[in-house]
Amino acid sequence: MCGIIGYIGKQQATPILIEGLRRLEYRGYDSAGVAVLQNRELATRKKKGKIDEGLAKLVQANPIYGQVGMGHTRWATHGPPTDENSHPHLDQSGKLAVVHNGVIENFDSLKERFLEEGHTFKSATDTEVLAHLIGHHYDELMKSGKGNWTGEGTHPLAQAVMNALREVIGTYGIGVICTDHPGVMVGARRGSPLIVGVGEGEHFLASDASAIVSHTRTVIYLKDYDVVTLFPDKFKMDSLGSEVASFQLSKIEFDADAAERGKFAHYMLKEIFEQPKTVQNAIRGRLDAEDGTAKFGGLNMTTAELRAIDQIVITACGTSWHAALVGEYLIEEFAHIPVEVEYASEFRYRNAPIEKNTLVLVITQSGETADTLAGLRESKRRGHRVLSICNVVGSTIAREADGGIYLHAGPEIGVASTKAFVSQVSVLTMFALMMGRIRMLSNRRGSQIIKALEAIPDQIQKILDQSEEIKRIALKYAHAEDFFFLGRQYNFPVALEGALKLKEISYIHAEGYPAAEMKHGPIAMIDEKTPTVILAPTDALYEKTFSNLEEIKARKGPIIALATEGNDRIKEKVEDVIYLPATWEPLHPLLAVIPLQLLSYYIAVARGCDVDKPRNLAKSVTVE
Ligand code: M6R
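Residues numbered from 1 in each chain as written. Predicted model: local features only at pLDDT ≥ 70, side-chain atom pairs only at ≥ 80, totals over all residues. Heavy atoms only, no water.

## Concerning the site of the ligand
- As a structural note, the neighbourhood of the ligand is formed by 15 residues, with S320, Q365, S366, T369 and E504 the closest of them.
- S320 places a polar side-chain atom, nitrogen or oxygen, 2.6 Å from an oxygen atom of the ligand.
- Between T369 and the ligand, the recorded distance is 2.4 Å, taken from a side-chain N or O atom to an oxygen atom.
- Bound to the protein, the ligand loses 90% of the 410 Å² it would expose on its own.
- Counting only elements with at least two residues in the shell around the ligand, the list comes to helix 9 (318–335) and helix 16 (491–506).
- Looking at the shell around the ligand residue by residue, the class counts come to five nonpolar, eight polar and two charged.
- Shared between two domains, the shell around the ligand holds at least three residues of each, these being domain 2 (261–463) and domain 3 (466–613). (Near = heavy atom within 4 Å. Polar contact = N/O pair within 3.5 Å; in protein donor to acceptor, adjacent residues only side chain to side chain. Areas by Shrake-Rupley, 256 points an atom, 1.4 Å probe, with all protein chains shown as cover. Helix = DSSP H or I, 4+ residues; strand = E, 2+ residues; numbered from the N terminus. Nonpolar A, V, L, I, M, F, W, Y, C, P; charged D, E, K, R; others polar. Domains from an automatic or database assignment.)

Structure (C-alpha cells):
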C-alpha cells in the first residue's frame, strides 16, 4: 500500500522517479508526488489521480532538475485523495521532505503538541505530522551543536530520523531528504517494506524491486528498525532496535521485462495468459516421479518433524485465503491431517486453542500483507513452526517464516490476483502430496497425482485458447448487476474466487456459495436478470450439482456452466457452457479458475472499468 521511490546519484532524478512510480502504481493510485533537491531548494510536484493523468503532466509542464529526489504513489488512509494530502510532505521549516508508507497511530497527540507550539499543517495526513516531528528533532540536534558531521558515525539527518521514530507508534517505510544535506537520503522501516538498490555511484530506495530492477539488481531488503543513510557512493546502516545493524546484499531474480505489460492490454490479461508457464515454474524440479512424491528445498524441517505434525492451520487473506481453502481439501484428502483455514485478520486476534504439534502455513503473494504477517508473528510467538507459501522473494513474510516455498510466478502487477492463485494451488497440491507420502498415500497414487499435475499447463493453454468464446459470453452478461458462483467440494473455493474477481474489477455484486447452500437462502435472489456460474465437472458429485442447476433453472435464472469436455447433456439445460479438459477431481480448481478470471476480465473491460487499478484497492495491503 503506497509506493516509495528515491534516487541519489549523478543522473537526473525526476525521470527515474516518474518511471519508478509508474511501476509502483499498483500499490496505490489515489494521488502521486515527487520532491527533488533543485539548487539546494526542495521542489515538489503533487497531484491527485493516476500518475499519467496527473503528476506526469504536471512535471512535464513544470520540470524539476536535480540528482536527489523521492516520489510517492498513495493509497489514502488519513485524509481523502487530494493534491494537499499527496506526499512528499514537508516539515515546519520547509527544508525537509518525507515520503511514507504505513500508519502513524499516535499522530493526533503529536499534532496537538506541534499545534500548541505554533506549527501549521497543510494536509490531513499522519505523514505531515511525522515530517514535523523529524524536523523538530533535526532542529534540536542543530541547537545542541551535534549537527555537524565529520564523515564518521551516524549522519545528523539519520540521527534526527532515529530520534523522531523513537516517539512514533505505528508502521512506516520512509524516505527523508533535507536541503541542508543535498548529498544524503535517509530511509527507515518498521512494518512497511523498503529496499535499497545499490548501483555504481548511485543508490535507490523503493517499496519493491520492480521499481528499480531496470537500474540495478543488487538490493538490500531492510529489516524492521533498520535506518539507512544513502550517499551517491556509499551507504551506512543503523538500527533502532536492540541488535547491531547488519545487512545482506541480495540479487533480484526476475528480468525487467517480467514487470512489463508487453503486447497485452492489461497486466491482468498478461498474467492470466502466463499461467501455463507459472505452473511449470512452480512444479519444476519439485516432483519426484520415482518415489511418487514432491520435494522442497526450503522447508527447514526433517521428514521426522513433518511426520510428527498432527494439525495444520493455514492463514491468509483474499485470494490467498481461497487458495488456502483448496489446500484444506487437498491436505485432508492426501494426508489425512486435520486442517483449519483462518482469515489472518481474525486469526491474529482470536485466542484459538492450537494443539502442540501444529504447523502453521501462511499463504501470500506479496509477502507483505499486514494481517498475514501479524498472524505469522503471533504463531511464532506461541512457539509454532511457520512455513510460508509466498511469491515475492525476500519479502518480510518469506524472511520471517521458519521455512517456506516460493511460487516462482514472477511479478504479479494486476491488483486482481490471478497467476498467484494458480501457483499457490499448485504448490499446495505438491505439499499435500509430500505430506501424504510421508503418511498413508501409496507410491501408485502419488505417481497418478504427479502425472495429472504435469498435464495441467497444457490443459490451461487449451482453456486460454477458448478466450474468444469466453469473451462472447462475458459480453452477453456484462450488464448484470448481481451474479452467483456455485461449486461443490474442491470447486467451492473456486466459486468464492470467481465472485471476488468479478466484484473487485467490475463492481458487480457477486457471491460464491457451495452449490447446495443456495436453497438455504440465496436462491431467493434468483430471477431472469441474475446469472449463475455453476462449476459442474463430471465428478463424484456431478448428479447432485446437476440438481442444483435444475433448481436455478426452475426459477428462470440464466446459467453459465463449466463442464467437462464430452458432457453434451448439459448444453440443453443451460444458456452457455465453457468446456474444460478432464482432470483428476482434486486438481480441478487449477483449470476451473481460468475461465472465471477471463469472464471477470472481459466483463470489466466491457463496463469500462480500469482493470489493473480497480477503485479503492491496492495490490499489497500493508495496513491492518
Ligand atoms: O499478497 P497477498 O496474497 O497476501 O494478498 C492478499 C489479498 O490482499 C489479495 O489476494 C487480494 O484479495 C487481491 N486483490 C485479490 O485479487
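## Points about the pattern of salt bridges
- Counted according to the given criterion, the structure contains 36 salt bridges.
- As a salt-bridge pair, K95 and D180 come within 3.2 Å of each other at their nearest N and O atoms. Pair noted here: K95 is in the loop between strand 5 (89–90) and strand 6 (96–101) and D180 is in the loop between strand 7 (172–178) and strand 8 (185–190), with a separation of 85 residues, a long-range link.
- D180 sits in the partly exposed class, given a relative accessible area of 30%.
- For K501, the salt bridge goes to E497, with nearest N and O atoms at 2.6 Å. With K501 and E497 both in helix 16 and four residues apart, this pair spans about one turn of that helix. Each member of the pair, K501 together with E497, is buried. (Salt bridge = Lys/Arg side-chain N within 4 Å of Asp/Glu carboxyl O. Buried < 20%, exposed > 50% of the residue type's maximum accessible area, 1.4 Å probe, protein only.)

## So, the domain arrangement of the protein chain
- The domain boundaries assigned to the protein chain delineate domain 1 (3–256), domain 2 (261–463) and domain 3 (466–613).
- Here the C-alpha centroids of domain 2 and domain 3 sit 25 Å apart.
- At the interface, 38 residues of domain 2 touch 34 residues of domain 3.
- Summed over both partners, the interface of domain 2 with domain 3 buries about 3,200 Å², with 71% contributed by carbon and sulfur atoms.
- Three residues, M268, Y329 and I463, lead the burial of domain 2 against domain 3; their summed loss comes to 23% of the area buried on that side.
- Where domain 2 touches domain 3, the interface holds one salt bridge.
- Close ionic contact of K462 with E565 constitutes a salt bridge, the shortest N to O distance being 3.2 Å.
- For the pair domain 2 and domain 3, the number of links is twelve residue pairs in polar contact (both at pLDDT 80 or more).
- Here the side of domain 2 that touches domain 3 takes ten residues from helix 9, the largest share from any one element. (Contact = heavy atoms within 4.5 Å. Buried area = accessible area lost by both parts, 1.4 Å probe.)

## A look at the side chain of T429
- The topology assignment puts T429 in helix 13 (residues 419–438).
- For T429, the side chain forms a polar contact with the main-chain oxygen of V425, separated by 2.6 Å.
- For T429, the residues in contact, after removing those within four places along its chain, are L330, F334, I449, L453 and L587.

## Describing the sheet that holds strand 23 (residues 509–514)
- Spatial ordering of the open sheet is given by 23-22-24-25-26, a layout of five strands whose pairing is parallel. Across the chains shown, the open sheet's two edge strands, defined by having one partner strand only, are strand 23 and strand 26 (576–580). Averaged over all pairs of adjacent strands, the angle between strand axes in this sheet comes to 15 degrees, irrespective of strand direction.
- Strand direction decides the pairing type here: strand 22 (residues 482–487) and strand 23, joined by six bridges, are parallel. (Pairing = 2+ DSSP bridges. Axes fitted to C-alpha atoms, helices over the stretch in contact; angles between N-to-C directions.)

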